[in-house]
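Chain residues, written in single-letter form:
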Amino acid sequence: MEAILSSNFADFGNGPRRAITFPMFGDGIFTQDGEPWKHSRDILRPQLFHRQYENLDVFKVPLDDLLSALPEKSGIVELQSLFFRYTLDVTTAFLFGDSIRSLKSSDNATENVFAGAFDQAQAYVAKRFRLSDLYWFIGGREFQDACKMVHQFADKVIDQNLAKDTTAGNQNRYIFLKSVAKSCPDREALRGQIINILAAGRDTTACMLSWTLHPHVMEKLRAEIAQLPPIEEVDRAALRDMKYLQNIMKENAEIFRPERWDEDLPMNQEPTLQKWGYLPFNGGPRICLGMDFALTEVAYTIVRILQRYPIIKLPNGERVDVISTMRKLARSFTSSLRDSLKIRPRTRALTSDEVESPQAIKEERATLTTVFEGEDPLVDIVAVHGLNGDAFRTFTAEKTGKFWLGDSDMLPRDLKGQCRVLTFSYPASVASILGRTSSDRILQHATTLVAELVADREVTGALERPIIFLCHSLGGIIVKRALIYSASRTGKMIEHIHSIYVSTYGILFFGTPHQGSSKANLATFAQRMVALVPSKVVDTDSQLVSALQESSEVLQDITDNFVPMMKRFRICFFWEQEKTSLGVKWDYVVTENSAAPILDNTDRAGLRNDHRNMCRFATRVSPGYSLVAATVLRYSREAPGTITRRWVSEREILTSMRKQEAMELIKGGGEMSGGKAKQ
Ligand code: HEM
């Protein structure tokens, strides 16, 4: 490869490429060789320099159009075809200064007729490539008409854009077309360059986008996105610093394990392989001129999509599969996904239909994600979301996308980086928790939380590090259940499970229904959660009442069992100070009485927000943020001393329990042997 692409470059030409593509591409960088090619490269190189798109402005309008073409909350969407339109829109925005906005246009609008003609002409060109020297077998009227339409449209857009007034506030805006026009002798030459770049930048980037949204990488990618500054401040440099995302973009279809790029690959052992082992953008003198542009475009698009839809999954039964057969490849020059990329994006909980499907519930696995890790952490801060919540979204401000748990400018900064922050994710739709088997489900999530935490802390050698829980809404019940479970596990073989109870120092409850000692309050809470997200937990009103009754009994039992151990923990209760729309009326989802019972030695405070938004802070000066941060900081400072002492006494207690058990065994054994001796 190195010889063909670089050292012996001059010995290899384009073969029949020019003749194959000329009817569509005309005279441009792809179809040229020798001196004309060198000249094109000289003209185009400075135009594709990263300074021209450093602030990412060129991507913004097309990206807004893409996001508005996606379902608002949840649903299934065929994304790959939207990506093809999107990359056409981005490339035209870059070339002409204004995007053709094919994503906004109706199907029969000129923009989409052009997009269709472009596809058709390109499909012919791809077929001609397969026949190589016999390319002329493929052509005919349809091909000619499609090429003509592409040229006519390009001419029209060129005319419109060249005629545009640059004095009306646009003088400083860089426009590719105008810069290239200065170096092109005539219209044909200019049109050629434009169509060549359009073809270079569209399918390639659309396919890369489709590949990058791979189900394996979502969780880790979300955590990296959560570390970004507010999206308005993100520029090309910030995207290049996203190590995991950059690795994902390098990954190929067959393997898809982005972590391998951080490993010592055999490819890195040898200088030639190092340079020539990775060739998606070609290498040598004809290396892709738009590589950096494409990587920036993909990175920014993925970040914005995942910020809007933290959960993206393939619908049940859908697979990620590369189109590898020649028949499918004939459709374009790039490898797209088999048939389509259907995904299920979600901003909120599943819709009622999806809630019903047991598969929808099963699909989501419980997981623990580390979203921040300081150098020498003194505490583990563990966030647990509530009903219909999400490990990231529950703690992310909707407008700014700020994820205050992981953002290095928010909580980690207030704790001087001396913490680890983790967030627990579990299936939390109304149907997956409330209802007849509530108690089993809550216990299942609680034990998973304990098991995941223990495993993580064991692996990182931090089993005795203090823990502070931050829990929203029903997440507080899961944490209480987890602590009850952990407290009860003292057997020799399961002592590690007990470590969560021993290490827990503080809990911040945000709108958790502690009830104010009445089951009616819990039933009301459950009913309100159902009202917020209508769901087919049950079919009839009477079933609903009895299901919620049962749920509220479960919540009540957990609360009762937790009371005796409360004095052991530092606790702060936060209640919502704003009402939530519950369909027909506005009300508190959890009342102050229930969320913040007045108890000795506990802190309590109101937060100026509604139930859903009470643990979302857009900036450090958002109402309530400093209160919450100060509480976590205070607990983090106090925790290490107390938890170290607790571990010392816990070890003594456990040792004496072991001794006691041994004594009882010996005693029991003695009686037995004594009995035998008597016989
Ligand atoms: C993921 C996206 C992309 C991939 C994988 C890719 C890949 C490639 C490859 C393999 C070539 C060499 C083609 C050949 O000579 O046979 C190439 C050339 C080229 N690419 Fe890209 N490309 C991408 C995006 C872009 C974008 C977005 C632009 C412009 C906005 C662009 C502009 C060019 C140009 C101008 C050349 C011609 C270079 C020359 O012949 O000297 N590419 N690209």
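This one's a predicted model, so the numbers in the text were calculated from it and none came from an experiment.

Participant: Outline the overall build of the protein chain, supporting the account with residue identities and numerical values.
Facilitator: A tally of regular secondary structure across the protein chain gives 27 helices and 12 strands. The 679 residues of the protein chain split such that 41% are buried.

Participant: Provide a residue-level description of the UniProt feature "binding site: heme" (unreviewed entry) in the protein chain, including the pertinent values.
Facilitator: Taking the UniProt record as the reference, the feature "binding site: heme" (unreviewed entry) is found at Cys 288. One can find Cys 288 in the loop between helix 14 (271-276) and helix 15 (291-308). Excluding its chain neighbours within four sequence positions, the residues that come into contact with Cys 288 are Phe 281 and Asn 282.

Participant: Any chance you could break down the nonpolar core for me, citing the residues and the numbers?
Facilitator: The tendency in soluble globular proteins is for nonpolar side chains to be buried side by side. With 156 residues, the main nonpolar core has Val 150, Ala 299 and Phe 574 as its most contacted residues. Mapping this core onto the domain boundaries places at least three of its residues in each of domain 1 (15-346) and domain 2 (352-649). In this view, Ala 299 contacts Leu 239, Met 242, Leu 245 and Met 249; residues no more than four positions away in its chain are not counted.

Participant: Quick rundown of the site of the ligand? Include the residues and the values.
Facilitator: Around the ligand, the surrounding shell holds 21 residues, and the nearest of these are Gly 201, Thr 204, Cys 288, Gly 290 and Ala 294. Sorting the residues of the shell around the ligand by element identifies helix 3 (34-47), helix 9 (187-201), helix 10 (203-212) and helix 15 as the ones contributing at least two each.

Participant: Before we move on, can you summarise unusual backbone geometry with the specific residues and values?
Facilitator: Even without a glycine there, the phi angle at Leu 56 is positive, about 70°. Among the structural elements, Leu 56 can be located in the loop between helix 3 and helix 4 (57-69). The buried category is assigned to Leu 56, around which 20 C-beta atoms lie within 10 Å.

Participant: I'd like a description of the sheet that holds strand 9 (residues 570-576), backed by residues and values.
Facilitator: Pairing is mixed in the open sheet, where 7 strands are placed in the order 4-6-5-7-8-9-12. The open sheet has two edge strands with one neighbour each: strand 4 (367-373) and strand 12 (602-607). Averaged over neighbouring strand pairs, the angle between their axes works out to 20° when direction is ignored.

Participant: Describe helix 22 (residues 475-488), with residues and values.
Facilitator: For helix 22, which comprises 14 residues, the first-to-last C-alpha distance of 20 Å matches the rise-based estimate of 20 Å (1.5 Å per residue) to within 8%. The buried fraction of helix 22 amounts to 11 of the 14 residues, a majority that puts the element mostly inside the structure.

Participant: Residues and numbers for the pairing of strand 7 (residues 467-472), please.
Facilitator: Of all 6 residues that make up strand 7, 6 are buried, and the element is covered over most of its length. One ladder, built from 5 bridges, connects strand 5 (residues 379-384) with strand 7; its direction is parallel. Bridge pairing in strand 7 links Val 382 to Phe 469. Summarising the sheet, strand 7 and strand 8 (residues 504-510) pair through 6 bridges and their orientation is parallel.

Participant: Quick one: what's the story with the environment of Arg 568, residue by residue and with numbers?
Facilitator: Its place among the elements puts Arg 568 in the loop between helix 25 (541-562) and strand 9. Sequence separation between Arg 568 and Tyr 501 is 67 residues; the distance between their C-alpha atoms is 9.8 Å.

Participant: If you had to explain helix 6 (residues 110-131) to someone new, which residues and values would you point to?
Facilitator: Residues that lie three or four places apart on an α-helix share one face, since the helix turns once every 3.6 residues. Between its first and last C-alpha, helix 6 extends 32 Å over 22 residues, near the 32 Å set by a 1.5 Å rise per residue. Of all the residues in helix 6, the buried ones are Glu 111, Phe 114, Ala 115, Ala 117, Phe 118, Ala 121, Gln 122, Tyr 124, Val 125 and Arg 128. Turning to helix 6, the residues buried within the fold contact helix 2 (17-25), helix 5 (79-96), helix 7 (141-163) and helix 9. Once helix 6 ends, the next one or two residues include Ser 132, with phi positive near 50°.

Participant: For the environment of Thr 559, give the residues involved together with the corresponding values.
Facilitator: By the element assignment, Thr 559 lies in helix 25. Between the alpha carbons of Thr 559 and Arg 481 there is a distance of 8.5 Å; along the sequence they are 78 residues apart. Apart from the residues lying within four places of it in its own chain, the contact partners of Thr 559 are Lys 480, His 514 and Gln 515.

Conventions adopted
Residue indices begin from 1 for each chain and proceed along its sequence in written order. Local features in a predicted model are, by the rule used here, given only for residues with pLDDT of at least 70; side-chain atom pairs are given and counted only at 80 or more, and totals for whole chains, interfaces and linings are based on all residues. To qualify as a helix, a DSSP run of H or I must reach at least 4 residues; to qualify as a strand, a run of E must reach at least 2; elements of each kind are numbered from the N terminus. Here exposure depends only on C-beta density: within 10 Å of a residue's C-beta, 20 or more other C-beta atoms make it buried, 12 or fewer make it exposed, and intermediate numbers make it partly exposed, the C-beta atoms being placed from the backbone. UniProt positions are given in the numbering used here, feature names are shortened, and annotations may be inferred rather than shown by experiment. Contact between residues is assigned whenever the C-beta positions, reconstructed from backbone atoms, fall within 7 Å. Joining buried Ala, Val, Leu, Ile, Met, Phe, Trp, Tyr and Cys residues through C-beta atoms within 7 Å gives a set, and that set is a nonpolar core. Segment limits for the domains were obtained from an automatic or database-derived domain assignment. Any residue whose backbone-placed C-beta atom lies within 6 Å of a molecule or strand is treated as near that molecule or strand. Whether two strands pair depends on DSSP finding at least two bridges between them. The convention used is that axes are lines fitted to C-alpha atoms, helices contributing only their stretch in contact, and that angles between N-to-C directions extend from 0 to 180 degrees. Helices are assigned an expected span. That span is 1.5 Å times one less than the residue count.

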